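Secondary and tertiary structure notes
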Amino acid sequence: MKDDNETNNNVSERKSYCKEEYDKENLILSINYDVAAKKRKKDLLNNNTKIPYFHRDKWIYVHKGSTKERHGYCTLGEAFNRLDFCSAIKDTRRFNYVVRLLELIAKSQLPSLSGVAQKNYMNILERVVQKVLEDQQNVRPIKELLQTLHASLCVLVQDMGKSVLVGNINMWVHRMENILQWQQQLDNIQINRPTNKGMTFLDLPASLHLNIMHRLSDGRDLVSLGQVCPDLTVLTEDRLLWKKLCQYHFTDRQIRKRLMVSDKGQLEWKKMYFKLCRCYPHKEQYSDTLQFCTHCHILFWKDTDHPCTANNPETCCKPVSPQGFINLFKF
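Notes on the structure follow. (Residues numbered from 1 in each chain as written. Predicted model: local features only at pLDDT ≥ 70, side-chain atom pairs only at ≥ 80, totals over all residues. Heavy atoms only, no water.)

**Thoughts on the overall build of the chain**
Here is the rule we go by: Each helix corresponds to a stretch of at least 4 residues labelled H or I by DSSP, and each strand to a stretch of at least 2 residues labelled E; elements are numbered beginning at the N terminus. For every residue, the accessible area (1.4 Å probe, protein chains only) is compared with the maximum for its type, and the residue is labelled buried under 20%, exposed over 50%, or partly exposed between those bounds. Contacts are assigned to residue pairs with any non-hydrogen atoms lying within 4.5 Å of each other. Calculation of accessible area relied on Shrake-Rupley with a 1.4 Å probe; when residues are assessed, cover is drawn exclusively from the protein chains displayed.
Scanning the chain from N- to C-terminus turns up 15 helices and four strands. Looking at the chain as a whole, 34% of its 331 residues are labelled buried. For the chain, long-range pairs separated by at least 24 residues make up 65% of all intrachain contacts whose partners lie at least 6 apart in sequence. Carbon and sulfur atoms make up 51% of the accessible area of the chain, which amounts to about 21,300 Å² in all.

**Let's talk about the packing of helix α11 (residues 239-249) against helix α13 (residues 269-279)**
Put simply, the rule reads: Interaxial angle, 0 to 180 degrees, is taken between N-to-C directions of lines fitted to C-alpha atoms, where a helix line uses only the stretch in contact. The cut-offs work like this: below 35 degrees is roughly parallel, past 145 is roughly antiparallel, 65 to 115 is roughly perpendicular, and the gaps in between are oblique. Here a crossing is called left-handed whenever its near helix is offset anticlockwise from the far helix by less than a right angle, and right-handed whenever the offset is clockwise.
Taken N-terminus to C-terminus, the directions of α11 and α13 make an angle of 30°; their axes are 8 Å apart at the nearest point. Regarding the angle of α11 to α13, the classification is roughly parallel. Relative to α13, the crossing made by α11 is left-handed. Of the residues in α13, those touching α11 at Arg239, Trp242, Lys243, Leu245, Cys246 and His249 are Trp269, Lys270, Met272, Tyr273, Phe274 and Leu276.

**Digging into the layout of surface pockets**
For clarity, the cut-off: We place a 1 Å grid over just the protein atoms. Points where a 1.4 Å probe fits but has no way out form a cavity, open points with protein on both sides within 12 Å along at least 5 of 7 lines form a pocket, and any residue with an atom within 4 Å of a point lines it. Grid points are joined across faces, edges and corners, and a volume is the space filled by probe spheres set on the points. Under the convention adopted here, Pro, Cys and the residues Ala, Val, Leu, Ile, Met, Phe, Trp and Tyr are nonpolar, Asp, Glu, Lys and Arg are charged, and Gly plus all remaining residues are polar. Each domain's extent was defined by an automatic or database domain assignment.
In this structure, the largest pocket occupies an estimated 1,900 Å³ of space. Counting only elements with at least two residues in the lining of the largest pocket, the list comes to α4 (95-109), α6 (139-157), α9 (219-226), α11 and α13. Looking at the lining of the largest pocket element by element, the count peaks at five residues for α4. Residue composition of the lining of the largest pocket, grouped by class: 17 nonpolar, 13 polar and twelve charged. Residue contributions to the lining of the largest pocket reach at least three from each of two domains, namely domain 1 (59-188) and domain 2 (218-279).

**Considering the sheet that holds strand β2 (residues 290-293)**
Just so we agree on the cut-off: A pair of strands is treated as paired once DSSP finds two or more bridges between them.
Reading across the sheet, the four strands line up as β1-β3-β2-β4 and stay open at both edges, with antiparallel pairing between neighbours. Each edge of the open sheet carries a strand with a single partner, namely β1 (59-61) and β4 (317-320). When strand polarity is set aside, the average angle formed by the axes of neighbouring strands in this sheet is 25°.

**Re unusual backbone geometry**
Backbone geometry places aspartate 84, a non-glycine residue, at a positive phi of 55°. Phi is positive for asparagine 138, which is not a glycine, with a value near 60°. Considering the arrangement of structural elements, one finds asparagine 138 in the loop between α5 (115-135) and α6. For asparagine 138, a relative accessible area of 34% gives the class partly exposed.

**Overview of the nonpolar core**
Applicable threshold: In this text, buried Ala, Val, Leu, Ile, Met, Phe, Trp, Tyr and Cys residues form a nonpolar core when linked through side-chain atoms within 4.5 Å.
Core analysis: the biggest nonpolar cluster contains 54 residues, and Phe85, Leu110, Tyr121, Leu299 and Phe325 have the highest contact counts within it. With nine residues, the top contributor of residues to this core is α4. If we skip the residues at most four places from it in the chain, phenylalanine 325 touches Leu76, Ala79, Leu83, Phe85, Tyr97, Leu101, Leu290, Leu299 and Val320. Counting 17 residues, the second largest nonpolar core, distinct from the first, contains Cys229, Leu235, Leu241 and Tyr273.

**Some points on the side chain of glutamine 254**
Going by this rule: Polar contacts, as used here, are pairs of N or O atoms within 3.5 Å; protein pairs need one atom able to donate a hydrogen and one able to accept it. Residues neighboring in sequence count only if both atoms are side-chain atoms.
For glutamine 254, the location among the structural elements is in helix α12 (residues 252-257). Within polar-contact distance, the side chain of glutamine 254 engages the backbone nitrogen of threonine 251 at 3.0 Å. For glutamine 254, the contacting residues outside a window of four places in its chain are Leu276 and Tyr280.

**Some remarks on the pattern of salt bridges**
Basically, it comes down to this: Take a side-chain nitrogen of Lys or Arg and a carboxyl oxygen of Asp or Glu: if they are within 4 Å of each other, that pair is a salt bridge.
For the coordinates displayed, the defined rule picks out twelve salt bridges. Measuring nitrogen to oxygen at the nearest pair gives 2.9 Å for the salt bridge that ties lysine 131 to aspartate 135. In this pair, lysine 131 and aspartate 135 both sit in helix α5, four residues apart, roughly one turn of the helix. The partly exposed category is assigned to aspartate 135, whose relative accessible area is 36%. A salt bridge links aspartate 218 to arginine 140; the nearest nitrogen and oxygen atoms lie 3.3 Å apart. Within this pair, whereas aspartate 218 is found in the loop between α8 (206-213) and α9, its partner arginine 140 is found in helix α6, the two being separated by 78 residues in sequence. A relative accessible area of 15% means that aspartate 218 is categorised as buried. Judged by relative accessible area, arginine 140 falls into the partly exposed class, the value being 27%.

**Quick look at the environment of aspartate 288**
When you line up the elements, aspartate 288 lands in the loop between α13 and β2. Taking the C-alpha atoms as reference, aspartate 288 lies 9.8 Å from aspartate 303; in sequence the two are 15 residues apart. Apart from residues lying up to four places away in sequence, aspartate 288 is in contact with Arg93, Arg94, Tyr97 and Lys302. Within the structure, aspartate 288 has its side chain in polar contact with the side chain of arginine 94 (distance 2.8 Å).

Dropping the structure here:
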């Protein structure tokens, strides 16, 4: 009887041992499967370098009280990945807004982006350049963006190995070479003259020329327009044009600090404008911007829905400037 009990106990122990080993084996296989799945997903993402990283929802929840327990999507890199900037650059209302945001990130925020976000940044930049090459529009701001980015990368690449940029140095050197190539392509752009033989801009009366000039918000555009022909040169020297530009972009206090008077006792509004531009930032104007819901703490494009719980969503949503976008993620 005693031998039978010992035999049963041994059998039970062997079964228990076998079950534990079986469970361990299944656990190891499960872990290996998860690791392999994650690796395949990562390899797929790394191989598809031309495909930006997208999420289904085109909005993000921004929470300044972020903790380890409730992190959310509140980093600059996550915001850049989720807000569908690739589609935004195709919209003429948002193009300048996105370009300005890319420039601000290039100046100081590129190291704060994750590896995926840095890759996404370069992919979006390439699409921007291709759009400009095809449309032959907005050449100057893109050339300035590329120049700013290249200057920043020259400094950051020197600090490789200090967790400044994600990836090896050869990859970033290759990207810098691409930037130089894009700059060369933009320099070689030749604007094609329209084949239409109807009325042109130069055929318009001077009053309409002035009316159009008063709608320009960048003094460099006025200078470029004045280089077309002598008649336009005279019109672009109009003091009232430059006075309105100064008053639009700068405060009275800023203007008073940079007064310039000619020998005839008149204010040199054109010279003052460019001097003010070197000292103070321009007033930014965009046709469409990102919106921030102060009630839900959600950042989104105006024409995309977001899960707002406010009774009057319109009163809670405010436009966000490119610099405001950066500031939202400075915790």
